[in-house]
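Structural characterization, general
Listed here are the chains, written in short residue letters.
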Amino acid sequence: MSAQKIIVVPDGKICDYIDGKFRNDTPEEYVRQTIEKRLVNEHKYKPAQIQVEYTLQIGARKPRADIVVWDKDSEKQTQETVKLIIECKRETVDARNAKDGVAQLKSYMAVCPNCEWGMWTNSIQKFVFRKFRDKTGNITFMEYNDIPSADGNLDDVNRPSRKSLKNAFEDNLLFVFKTCHNHIYVNDGLQKQPAFFELLKVIFCKIEDERNIPHPLEFYTTSEERSNPDGQLTVQKRISKVFERVKKRHGKIFDTNDEIKLKPRSLAYIVSELQGYSLLNTNIDIKGKAYEEIVGANLRGDRGEFFTPRNVMKMVVEMINPKITERVLDSSCGTGGFLVTAMTHVINLLEQDFSLELGIGRKDWGSDAVHTFQEKVSEMASTNYFGFDINPDLVKATKMNMVMNNDGSGNILQTNALLPPHEWSDEFKSRLAESLGIQKSGIRNHDTIGYFDVIVTNPPFGSKIPIKDKNILEQYSLAHIWECDKETGVWEMTKRLQSSVPPEILFIERCTQFLVPGGRMGIVLPDAILGSPGLGYIREWMMENHRIIASIDLHVDTFQPRNGTQTSVLILQKKLPEQRYEELESKSMADYNIFMAMVEKVGHDKRGNPLFKRDKEGNEILVPDDGCVFQFAELEEETTSRQQKKKVEDDQTPDVPKIFYDWKRQEGIGW
């Protein structure tokens, strides 16, 4: 294998996706690079058809169009033969802006005789126009759903078929979600949170329609329908029928009298933005990032919630390695990121087993095999995946995340997990008992809830949201006052309760109560718990009740830009009763090694901006992207190709599970 060729990127520059030139790293450039990737990866235009910063001649002026595209069979690439023009602006530029808005795009299209298509976007607004000449020769512009793909097929723009649905690439799905949410917020007069839930209903309709095989797709609007009131009402009627099916399938998420409250015009617009994508088949990381980012922007509460970065969730799940048959819980599930990550991990294991059973790889499965596999996934979700959260809006958002990513909403239930079990609502206990296959009467107190093999969680933190209720506190050893013997350094629990306790301390003990003996937990905790002298009793309690498998110290910027708390991940395994008894009898704990690591780079800075690997001089570097080789010419004599380059995220979290796996094997830890 040849050595990787590394290219240095000057500071403040990015490498253009199409032509490889260095350009200034600006908000406009981020929009343009996202569109360039979409043109190549979704619309299948070849880079040789595309030019960036193309100079137009308009009288004495020579403005530069952001992106121009020619037909693949254009003999000459000139202003006369341009087929498509795209203008990309930063978020703060409005489409109605006289200088940089839609009018600028139309003026560029007008001076290119054969330019039929144009698109203007600022990442939260998007307009597509098709240019016509009327009988008198005057230029008119009709608004369309989207630009055509390289094959020029307009049927798919208006009414996609199942075969024509595209997988979203990189940040494009996030662009679409933001565009749709912004449209509802601006045009329907809804506040951010209600706007988000209306968008959620439409996304549910999209997924329901994709699942409705073998029937033709109903989630669509033609450009003509979108552009007139009668057509918009037709779209509303069509999508409302799909939503009726959604309510039947997801009766625990939507009430029978729920309806989509968007204006017909807004609904038609959102359908047009989503209709070309396959939400079921798009890469799970792309979906997860887009979904969790828009959920976080609209549903973040004031209960110490700050959602775990995807790279940290992936690290924790890979370290804890849930198995196909194990029950997995997140006791404060937020948007469901930990559960989706855990389930994705297990689906990959299931896929390997299923492929071995069939003797063929996934890409060769027939429709029957795909259907059987999907049934197994849905059964696993309904049997083995549980999420609790106190916030009913986040419960709904988590269910959606599970549905969108894994075809099963699992058992996502709304409750205050810290309450005494006898105070949990009757509905919660009934649904939990049914899913666990136990009698509801068996859920009596904190000693009768140990049913889960794996817990992955990031509990709400904070002294601003302390628990003061005596009924809650008296369930927990860690809610008592502990005293330290100054001579021995040993902590002893008293019978007196503390007046208030931060929730994350109680969650450590509640998660232990939820675990079966021998079960394991990956939990994100503030560093004070692991280092503060006054909290030594917590560490002593954890060591008495668990084997401490691993402690991962996370960088201070891990949860930035929203929270600067210094945190660590603990991997704990609950001791078996006989281990606890033996240690109490002998008054000594077994000696063992603990895996420890420091993650000094998490891929972003304190403002949330991505960080990439740099050379010794501090310049960003580029390496070849093995998944992307561009064909630049297709002449009979030769084909010229250029491999795309990519930056390397400066993130150490993917390295930790690999090192941990080798350590675990040496220590004889079997899971």
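The structure contained in this document is the topic of the report that follows. Keep in mind that what you see is a predicted model, and the values were worked out from it rather than measured. (Residues numbered from 1 in each chain as written. Predicted model: local features only at pLDDT ≥ 70, side-chain atom pairs only at ≥ 80, totals over all residues. Heavy atoms only, no water.)

The helix and strand tally for the protein stands at 20 helices and 21 strands. Taken along the three principal axes of its C-alpha coordinates, the protein extends 95 × 60 × 55 Å. Relative to its full complement of 671 residues, the protein shows a buried share of 51%. Of all intrachain contacts in the protein linking residues separated by at least 6 positions in sequence, the fraction that spans at least 24 positions is 68%. Summed over its atoms, the accessible surface of the protein is roughly 31,600 Å², and 49% of this surface lies on carbon and sulfur atoms. (Helix = DSSP H or I, 4+ residues; strand = E, 2+ residues; numbered from the N terminus. Buried < 20%, exposed > 50% of the residue type's maximum accessible area, 1.4 Å probe, protein only. Contact = heavy atoms within 4.5 Å. Areas by Shrake-Rupley, 256 points an atom, 1.4 Å probe, with all protein chains shown as cover.)

Bringing the pairing of strand E6 (residues 84-88) into the picture now. For E6, a buried count of five out of five residues is recorded, marking the element as mostly surrounded by other parts of the structure. Alternating residues of E6 divide into Leu-84, Ile-86 and Cys-88 and Ile-85 and Glu-87, and every residue in both groups is buried. The pairing of strand E5 (residues 64-69) with E6 spans three bridges and is classified as antiparallel. Across the sheet, residue Val-69 finds its bridge partner in E6, namely Leu-84. Note: E6 against strand E7 (residues 117-121), five bridges, orientation parallel. Following the sheet pairing, Ile-86 is matched in E7 by Met-119. (Pairing = 2+ DSSP bridges.)

Further remarks concern the environment of Ser-74. You can see Ser-74 is positioned in the loop between E5 and E6. In sequence terms Ser-74 and Gln-49 are 25 residues apart; their C-alpha atoms lie 8.7 Å from each other.

Read across the open sheet, the six strands follow the order E4-E5-E6-E7-E8-E9; overall the sheet is mixed. Only two strands of the sheet have a single partner each, and these edge strands are strand E4 (50-55) and strand E9 (139-144). Averaged over neighbouring strand pairs, the angle between their axes works out to 30 degrees when direction is ignored. Note that strand E8 (residues 126-133) and E9 share six bridges and pair antiparallel. Bridging across to E9, Phe-129 finds its partner in Glu-143. Packed onto the sheet, helix H2 (residues 102-110) meets E5, E6, E7, E8 and E9 and runs at close to 35 degrees relative to E8. (Axes fitted to C-alpha atoms, helices over the stretch in contact; angles between N-to-C directions.)

Ranked by internal contacts, the top residues of the largest apolar core, which has 48 residues, are Met-315, Met-319, Tyr-385, Ile-552, Val-569 and Ile-571. For this core, the elements supplying multiple residues, two or more each, are helix H10 (310-320), helix H11 (337-358), helix H12 (367-384), helix H13 (392-406), strand E13 (452-457), strand E17 (546-553), strand E18 (567-574) and helix H20 (655-667). Per-element tally for this core: the top contributor is H11, with nine residues. With residues up to four places along the chain from it excluded, the contact list for Ile-552 reads Met-315, Met-319, Ser-568, Val-569, Phe-595, Ala-597, Val-599 and Val-656. Of all hydrophobic cores here, the second largest spans 46 residues; its members include Leu-199, Ile-203, Leu-279 and Met-400. (Core = buried A, V, L, I, M, F, W, Y, C linked by side-chain atoms within 4.5 Å.)

Once that is clear, we can look at the environment of Gly-296. Along the chain, Gly-296 turns up in helix H9 (residues 284-299). Given a relative accessible area of 3%, Gly-296 falls into the buried group.

Here the focus is the pattern of salt bridges. For the structure on display, the rule yields 38 salt bridges. Here Arg-23 makes a salt bridge to Asp-16, at a shortest N to O gap of 3.0 Å. Asp-16 carries the same exposure label as Arg-23, and that label is buried. One continuous salt-bridge network, built from bridges that share partners, spans Glu-29, Arg-32, Glu-53, Arg-64 and Asp-66. (Salt bridge = Lys/Arg side-chain N within 4 Å of Asp/Glu carboxyl O.)

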